[in-house]
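Secondary and tertiary structure notes
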Amino acid sequence: MNIKWTEEDKQFVIDNSKYMKDKEVAEKLSEQAGRKVSLDAVRKMRQKLGIRKKQGRGICGVIDDEQGR
């Protein structure tokens, strides 16, 4: 089922993707929104917002396109 993303939900993803794993973002959003937000939903929204994560297990950084890192 598709969920309706509020602007607050999107802003939470933007603000926390740099510091949290997608799984952690999904758990926090589920608590805040009072509905189940899946890991895949967070990943898709993050990618839709143009936020790319650094590769590697357990890495919480994002790629800064301006610096190419």
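Right, let's walk through the structure included here. Residue indices follow the written sequence of each chain, beginning from 1 at its first position. Local features in this predicted model are restricted to residues of pLDDT 70 or higher, and side-chain atom pairs are both shown and tallied only at a pLDDT of 80 or more, whereas totals for entire chains, interfaces and linings draw on every residue. For side-chain calculations, the full set of non-hydrogen atoms in the structure is used, while hydrogens and water are omitted.

**Points about the nonpolar core**
- Residues Trp5, Phe12, Val13, Met20, Val25, Ala26, Leu29, Val37, Ala41, Val42 and Met45 constitute the largest nonpolar core, which totals eleven residues.
- Mapped onto this core, the elements with two or more residues apiece are helix 1 (7-16), helix 2 (22-33) and helix 3 (39-48).
- Should any heavy atoms of two residues lie within 4.5 Å, those residues are considered in contact. When sequence neighbours within four positions are dropped, the list of residues in contact with Val13 reads Trp5, Val25, Leu29, Arg46, Leu49 and Ile51. By convention a nonpolar core is built from buried Ala, Val, Leu, Ile, Met, Phe, Trp, Tyr and Cys residues, the set being connected through side-chain atoms within 4.5 Å. A simple rule labels every residue: compare its accessible area, found with a 1.4 Å probe on the protein chains alone, to the largest value its type can have, and call it buried under 20%, exposed over 50%, or partly exposed in between. Secondary structure follows DSSP: runs of H or I at least 4 residues long count as helices, runs of E at least 2 residues long count as strands, and numbering of each begins at the N terminus.

**Here's the deal with the pattern of salt bridges**
- A carboxyl oxygen of Asp or Glu within 4 Å of a side-chain nitrogen of Lys or Arg is what we treat as a salt bridge. In total, this model carries five salt bridges according to the counting rule given.
- Between Lys10 and Glu7 there is a salt bridge, with its nearest N and O atoms 3.7 Å apart. With a gap of three residues between them, Lys10 and Glu7 both fall in helix 1, about one helical turn apart.
- Each of Asp22, Asp40, Arg43 and Arg46 takes part in a single network of salt bridges with overlapping partners.

**Here we look at the layout of surface pockets**
- Of the grid points, spaced at 1 Å and generated over the protein atoms alone, those admitting a 1.4 Å probe that cannot get out make up cavities, while open sets with protein on both sides within 12 Å along at least five of seven lines make up pockets; any residue with an atom within 4 Å of a point is treated as lining. Grid points are joined across faces, edges and corners, and a volume is the space filled by probe spheres set on the points. Here the second largest pocket is characterised by a volume of approximately 190 Å³.
- Polarity classes work like this: nonpolar for Ala, Val, Leu, Ile, Met, Phe, Trp, Tyr, Cys and Pro, charged for Asp, Glu, Lys and Arg, and polar for all others, with Gly in that last group. Broken down by class, the residue content of the lining of the second largest pocket amounts to six nonpolar, two polar and three charged.

**Concerning helix 3**
- Regarding helix 3, the residues found buried are Ala41, Val42, Met45 and Arg46. Projection of helix 3 onto a plane perpendicular to its axis shows the buried side chains occupying an angular sector of 130°, all on one side. Seen from the buried face of helix 3, the exposed residues on the opposite side, beyond 90 degrees, are Lys44, Gln47 and Lys48.
- In the core, the buried residues of helix 3 are packed alongside helix 1 and helix 2.
- Phi turns positive one or two residues past the end of helix 3, at Gly50, with a value near 85°. It is the directions from the helix axis to the C-beta atoms that the arc portrays.

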